[in-house]
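Geometric and topological summary
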Amino acid sequence: MSSTLPHDDDVDPRAWSGVHRGPLREGEWVRLVDAKGRKHNICLEAGKTFHTNRGGMSHDDLIGREEGFTVVSTSGGEYLVFRPLLSEFVVSMPRGAAVVYPKDAAQIVAMADIFPGADVVEAGVGSGALTCSLLRAVGPFGRVTSYERREEFADVARKNVTQFFGAPDGETHPAWSLRLGDLAEELPTTGERYDRVILDMLAPWECLDATADALRPGGIVCAYVATTTQLSRFMETVRLHGGFTEPQAWESLVRDWHVEGLAVRPGHKMIGHTAFLVTARRMAPGQKAPLKRRRPAPGAYGPDYTGPRAEEVAEEITEPTGVAEGIGDGRSAAVTGEPETA
């Protein structure tokens, strides 16, 4: 199928990709990296000079050149010059709140199946890192609606998103709407429907009812939580709600490798735990997923557990497990709370 888009040197601006091709232009951001890996992001302006601890360099020496070259400062420092990738931009952007790291943003886009043209709502815009990935995925014909309760975070996110997509005169991405307020309170009043809901907040379970009402059947809710207690409470709340499939939880760990000839070993640095991700799909109205017949681990819902508990789980843990552990009726002491006997 032939394309109707023009094929010039630059990426078609109607794509709103945040990416440019061809010679560097005034007003673009570039990333300078020195021999020690130190990074600087600068906006090119004719007649300006960028100063470092290794001397200065004129912006005019960068403007008009194809990216991927080395520039030498007045004191002999060498710097690589490239346009920043999205994954590089988000880890160096000004922050109001912690950013969603690229490894997690990539998982969200893939596992929540964010597609071109999708209607997506996110709660907790933070500094706008995940918002950039969502906008890149839905494209100009999709919709990303971001809710943020703190105005100072919303201001930072607005500046970062506008900077990355290079909108002229402060124009925002046409698919993006940033709303100040609490999703749990505001979303039900709009009557709007969405394909995906992303919850990046301290208590995502508080938004589950609003999420269920706004999600189209087959839609996906994805929660981004930092701690095991948040993870447990959100998953149990999803199960108790009954309008979703069994939630799935995971985390991703990224480790680089050192490779020089035969010296091949894991690197000394790795991006370990950043957050847990949970996804579940919305059932059609009035429909419930088949009950997952699982036998809880001993102690899983014992006397110390105070979180949400589905009725079937409450029933299961009062029934004999069939595992002999020295108790006459076969129940585990960890489940019943009874003292173990010799």
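Cut-off values and rules
Going along each chain's sequence as written, the residues are numbered from 1 onward. Selection of residues for local features in this predicted model requires a pLDDT of at least 70, selection of side-chain atom pairs for listing and counting requires 80 or more, and totals for whole chains, interfaces and linings are taken over all residues. Side-chain metrics rest on all non-hydrogen atoms present in the structure, leaving aside hydrogens and water. In this text, helices come from DSSP runs of H or I with a minimum length of four residues, and strands from runs of E with a minimum of two, each type numbered from the N-terminal end. Accessible area is worked out with a 1.4 Å probe on protein chains only. A residue is then buried under 20% of its type maximum, exposed over 50%, and partly exposed in between. Residue contacts are defined here by distance: any two heavy atoms, one from each residue, within 4.5 Å place the two residues in contact. The protein chains shown are the only cover counted for residues, whose accessible areas, like all others here, come from Shrake-Rupley with a 1.4 Å probe. Strands qualify as paired when DSSP identifies two bridges or more between them. Inter-axis angles, ranging from 0 to 180 degrees, are taken between N-to-C directions of lines fitted to C-alpha atoms, where helices are fitted over the stretch in contact. Patch definition: residues with relative accessible area over 30% and no salt bridge; like charges joined within 9 Å; nonpolar side chains (Val, Leu, Ile, Met, Phe, Trp, Tyr) joined within 5 Å. For salt bridges, the criterion is a side-chain nitrogen of Lys or Arg within 4 Å of an Asp or Glu carboxyl oxygen. Left-handed is the label given to a crossing in which the near helix is rotated counterclockwise from the far helix by less than a right angle, and right-handed is the label when the rotation is clockwise. A cavity here means a set of 1 Å grid points, computed over protein atoms only, where a 1.4 Å probe fits but cannot escape. A pocket is an open set with protein on both sides within 12 Å along at least 5 of 7 lines, and lining residues have an atom within 4 Å of a point. Grid points are joined across faces, edges and corners, and a volume is the space filled by probe spheres set on the points. In this classification, the charged set is Asp, Glu, Lys and Arg, the nonpolar set is Ala, Val, Leu, Ile, Met, Phe, Trp, Tyr, Cys and Pro, and all remaining amino acids, among them Gly, are polar. Consider the strands pointing away from the viewer: the crossover is right-handed when the path from the first strand over the helix to the second runs clockwise. Pairing of aromatic rings covers Phe, Tyr and Trp, the last through its six-membered ring, and needs centres within 6.5 Å; plane angles under 30 degrees mean stacked, over 60 mean edge-to-face, and all others mean tilted. Confidence of the predictor at the level of single residues is captured by pLDDT, which takes values from 0 to 100.

**Some remarks on the overall build of the protein chain**
The number of helices and strands found in the protein chain is 9 helices and 15 strands. For the protein chain, the residues scored as buried account for 42% of the 342 residues in total. Contacts in the protein chain between residues far apart in sequence, at least 24 positions, make up 59% of those at least 6 positions apart. Summed over its atoms, the accessible surface of the protein chain is roughly 18400 Å², and 53% of this surface lies on carbon and sulfur atoms.

**Comments concerning the sheet that holds strand E9 (residues 176–180)**
Read from one edge to the other, the open sheet built from 7 strands follows the order E9-E8-E7-E10-E11-E15-E12, with strand pairing classed as mixed. The strands lining the two open edges of the sheet, one partner per strand, are E9 and strand E12 (248–250). Strand-to-strand twist in this sheet, taken as the mean axis angle between neighbours without regard to direction, amounts to 15 degrees. This element, helix H5 (residues 183–190), spans strand E7 (119–123), strand E8 (143–148), E9 and strand E10 (194–199) of the sheet and lies at about 140 degrees to E8. The strands that helix H7 (residues 228–241) touches are E10, strand E11 (215–225), E12 and strand E15 (276–281); relative to E15, the one it contacts most, it runs at about 5 degrees.

**Some details on a nonpolar patch on the surface**
Residues Trp257, Val259 and Val264 make up a contiguous nonpolar surface patch of roughly 320 Å² in combined accessible area. Mapped onto the secondary structure, valine 259 falls in strand E13 (residues 254–260). Judged by relative accessible area, which is 57%, valine 259 ranks as exposed.

**A closer look at the packing of helix H2 (residues 102–111) against helix H3 (residues 129–138)**
Relative to each other, H2 and H3 sit at 35 degrees, their axes nearing to 10 Å. Seen from above, H2 lies across H3 with right-handed handedness. On H3, the residues touching Ala105, Ile108 and Val109 of H2 are Leu130, Ser133 and Ala137.

**What about empty space enclosed by the protein?**
This model, assessed by the stated rule, comprises 2 cavities of 30 Å³ or more. Here the largest cavity defines a volume of roughly 50 Å³. For the largest cavity, the full set of lining residues is Ala98, Val99, Val100, Glu122, Gly124, Val125, Gly126, Ser127, Gly128, Ala129, Leu130 and Asp200. Tallied by class, the residues present in the lining of the largest cavity amount to 6 nonpolar, 4 polar and 2 charged.

**Side note on the pairing of E11**
In terms of residue burial, E11 counts as a mostly covered element, since 8 of its 11 residues are buried. One ladder, built from 5 bridges, connects E10 with E11; its direction is parallel. Residue pairing in the sheet places leucine 199 in a bridge with alanine 223 of E11. The parallel pair E10 and E11 is bridged by helix H6 (residues 208–214), and the resulting crossover is right-handed.

**Some remarks on the packing of aromatic side chains**
The geometry of two aromatic rings is summed up by the distance between their centres and the angle between their planes. Taken as a whole, this structure holds 3 aromatic pairs when the rule is applied. Seen in terms of ring centroids, phenylalanine 164 and phenylalanine 165 are 5.1 Å apart; in terms of plane orientation they differ by 85 degrees. Their pairing is edge-to-face. Between tyrosine 301 and tyrosine 305, the ring centres sit 5.1 Å apart and the planes meet at 85 degrees, which makes this aromatic pair edge-to-face. Residue class for tyrosine 301 comes out buried when judged on its relative accessible area of 9%.

**Notes on the confidence of the model for the protein chain**
Predicted confidence across the protein chain gives a mean pLDDT of 87, with 88% of residues reaching 70 or more. Contacts from residues 319–342, a stretch scored under 50 in pLDDT, to residues over four places away or in other chains number 31 contacts.

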